[in-house]
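# Remarks on the overall topology
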Amino acid sequence: MSTGQITDVPGILVGQQQNTEALTGCSVIITEAGAIAGVDVRGSAPGTRETDLLNPINLVEKVHGICLTGGSAFGLDAASGVMKYLEEKQIGMDVGVARVPIVPAAVLFDLAIGDPHTRPDLEMGYQAASIASSNPITTGNYGAGCGATVGKLAGFEYCMKAGIGTASIKISDEITIGALVAVNAVGEIRNPATGQTIAGPYDRNNEQLLDSDSLLKQTAHKVLFPGTNTTIGVVAINTSLSKVEATKVSQMAHDAFARTIYPAHTMYDGDTIFTLATGGPKLPVDLIGAMAAKVMEQAILNAVYSAESIGNIPAYNQI
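So, a few notes on the structure that sits alongside this text. Bear in mind that the values here come from a model prediction, so they are computed numbers and not experimental data. (Residues numbered from 1 in each chain as written. Predicted model: local features only at pLDDT ≥ 70, side-chain atom pairs only at ≥ 80, totals over all residues. Heavy atoms only, no water.)

### With respect to the packing of aromatic side chains
Worth spelling out the cut-off: Aromatic contacts are taken between Phe, Tyr and Trp rings whose centres are within 6.5 Å, Trp giving its six-membered ring; a plane angle under 30 degrees counts as stacked, one over 60 as edge-to-face, and the others as tilted. Numbering of helices and strands starts at the N terminus; helices are DSSP runs of H or I of at least 4 residues and strands are runs of E of at least 2. Each residue gets one of three labels from its accessible area relative to the maximum for its type: buried under 20%, exposed over 50%, partly exposed in between, using a 1.4 Å probe on protein chains only.
Under the defined criterion, the tally for this structure stands at two aromatic pairs. Between the aromatic rings of Y85 and Y126, the centroid separation amounts to 5.8 Å while the plane-to-plane angle is 80°, which identifies the pairing as edge-to-face. Taken as a pair, Y85 in helix α1 (residues 78–88) and Y126 in helix α2 (residues 122–130) lie far apart in primary sequence, 41 residues in all. Taking the relative accessible area as the measure of exposure, Y85 reaches 13% and is therefore buried.

This is how it looks when you write it as structure tokens:
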């Protein structure tokens, strides 16, 4: 398994902030020179910002940052802090009278695990952007993964802790592809190499994972709240892509969700993947898309393996 990080990709900086008492946070990717971007939203309950402008038919080509954040829709405010920081650095789209930083964002729901009245805000987003660097990323209970959980098909009281994960793969001597992902799925997480369920609905009394197939049948008529689960991530690569190609890479990267998360792309998830291309030698899009799925898969597993238990919510390393 890759031990790399998304910051192995030239031109990618990452900063994270979290509130460990409220159990929420944000993870910010900065591309100071701008990056061609695409997005694909597969979940039916997304919380996003500035994703329409990434549609290939629309004008804006480059973004200057991506904000992955907790706090549900309230957390989108963190992206304003990223914009404020970039504006101070005079980074953004030149519109004549000002430079407007383009910072798409996606949120996950973590209000149930900590303090629902404390969410990532403009200040937290600014702080995360201000410390963004190419240094190693702390994974698990940090940034947007601070309050992330998985395995909620039997109810929140059966969930397990997940978090933020990252990975990278060298495609050639010149080109590296990386991923950053906050894993907060309603479903369970499986290691596709072994078929083993590594996190999911966990019975604390019997100390065992519950079968998700059985739970899906049992909860077929149970009302869950849309938007209360979501896996959000970013793929980055130092190659040249058009917006159309970047969008296609985002679509193909969702294969990683299908391989590792069961079920994925539900009515209760807002599953979203952004793709950033910082420029470089051209490669076939199908190759990039296949590698995007592979590196995202590794990042998802990293998010689960590096998570730490909180209170009565166990993590993989505990069970």
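### A closer look at the nonpolar core
Where we set the bar: By convention a nonpolar core is built from buried Ala, Val, Leu, Ile, Met, Phe, Trp, Tyr and Cys residues, the set being connected through side-chain atoms within 4.5 Å. Every residue pair with non-hydrogen atoms within 4.5 Å of one another is taken to be in contact.
In terms of nonpolar packing, the biggest core is built from 38 residues, with V150, I177, V183, I189, L241, M296 and I300 touching the most fellow members. Elements with a contribution of two residues or more to this core: β10 (164–170), β11 (176–182), β13 (196–199), β16 (232–237), α4 (243–253), α5 (255–260), β18 (272–277) and α6 (285–305). Discounting residues that sit within four places of it in the chain, M296 has contacts with A179, L180, V181, G233, V234, V235, A253, A256, F257 and I273. In this structure, I12, V39, I66 and L68 belong to the second largest nonpolar core, which totals 27 residues.

### Some thoughts on the pairing of strand β4 (residues 62–69)
Defined as follows: Here, any two strands with at least 2 DSSP bridges between them count as paired.
Counted residue by residue, β4 has seven buried out of eight residues, so it is predominantly covered. Judged from the seven bridges that link them, strand β2 (residues 24–41) and β4 form a sheet pairing that is antiparallel. Each bridged residue has a counterpart across the sheet, and for I30 the counterpart in β4 is G65. Sheet analysis places β4 next to strand β7 (residues 105–107), joined by three bridges and oriented parallel.

### Notes on the packing of α4 against α6
Spelled out, the test is: Axis geometry follows a simple rule: fit a line to the C-alpha atoms, using only the stretch in contact for helices, then measure angles between N-to-C directions, giving values from 0 to 180 degrees. Geometric relationships in this document are graded by angle, where less than 35 degrees denotes roughly parallel, more than 145 denotes roughly antiparallel, 65 to 115 denotes roughly perpendicular, and other angles denote oblique. Left-handed describes a crossing whose near helix is turned anticlockwise from the far helix through less than a right angle; right-handed describes the clockwise counterpart.
Relative orientation of the contacting elements α4 and α6 amounts to 40°, with a least axis distance of 8 Å. One finds that α4 runs oblique with respect to α6. Remark: the crossing between α4 and α6 carries right-handed chirality. Of α6, the residues touching α4 (which contributes E245, K248, V249, M252 and A253) are V285, D286, I288, G289, A290, A292, A293 and M296.

### Here's the deal with a nonpolar patch on the surface
To be explicit about the condition: The patches reported here contain residues having more than 30% relative accessible area and no salt bridge. Joining distances are 9 Å for like charges and 5 Å for nonpolar side chains (Val, Leu, Ile, Met, Phe, Trp, Tyr). With residues, only the protein chains shown are counted as cover, and all accessible areas are computed by Shrake-Rupley using a 1.4 Å probe. Within this document, salt bridges are pairs made up of a side-chain nitrogen of Lys or Arg and a carboxyl oxygen of Asp or Glu, the two lying within 4 Å of each other.
Nonpolar side chains collect at one region of the surface, where V95, V97 and V100 lie side by side and expose about 270 Å² of accessible area between them. The residue V97 is located in the loop between β5 (93–94) and β6 (99–100) in this model. The class for V97 is exposed, based on a relative accessible area of 80%.

### Observations concerning the environment of T139
Within the secondary structure, T139 is located in the loop between α2 and β8 (149–150). Under the relative-accessibility criterion, T139 is labelled buried at 17%. Sequence separation of T139 and F109 is 30 residues, and the distance between their C-alpha atoms is 18 Å.

### Comments concerning the sheet that holds strand β17 (residues 261–262)
Strands sit in the order β13-β12-β17 across an open sheet of three strands; the sheet is antiparallel. The sheet terminates laterally at β13 and β17, the two strands that pair on one side only. Relative to β17, strand β12 (residues 188–191) is paired through two bridges, and the arrangement is antiparallel. Within β17, the residue paired with E188 across the bridge is Y262. Of the strands in this sheet, β12, β13 and β17 touch α6, which is tilted by about 115° from β12.

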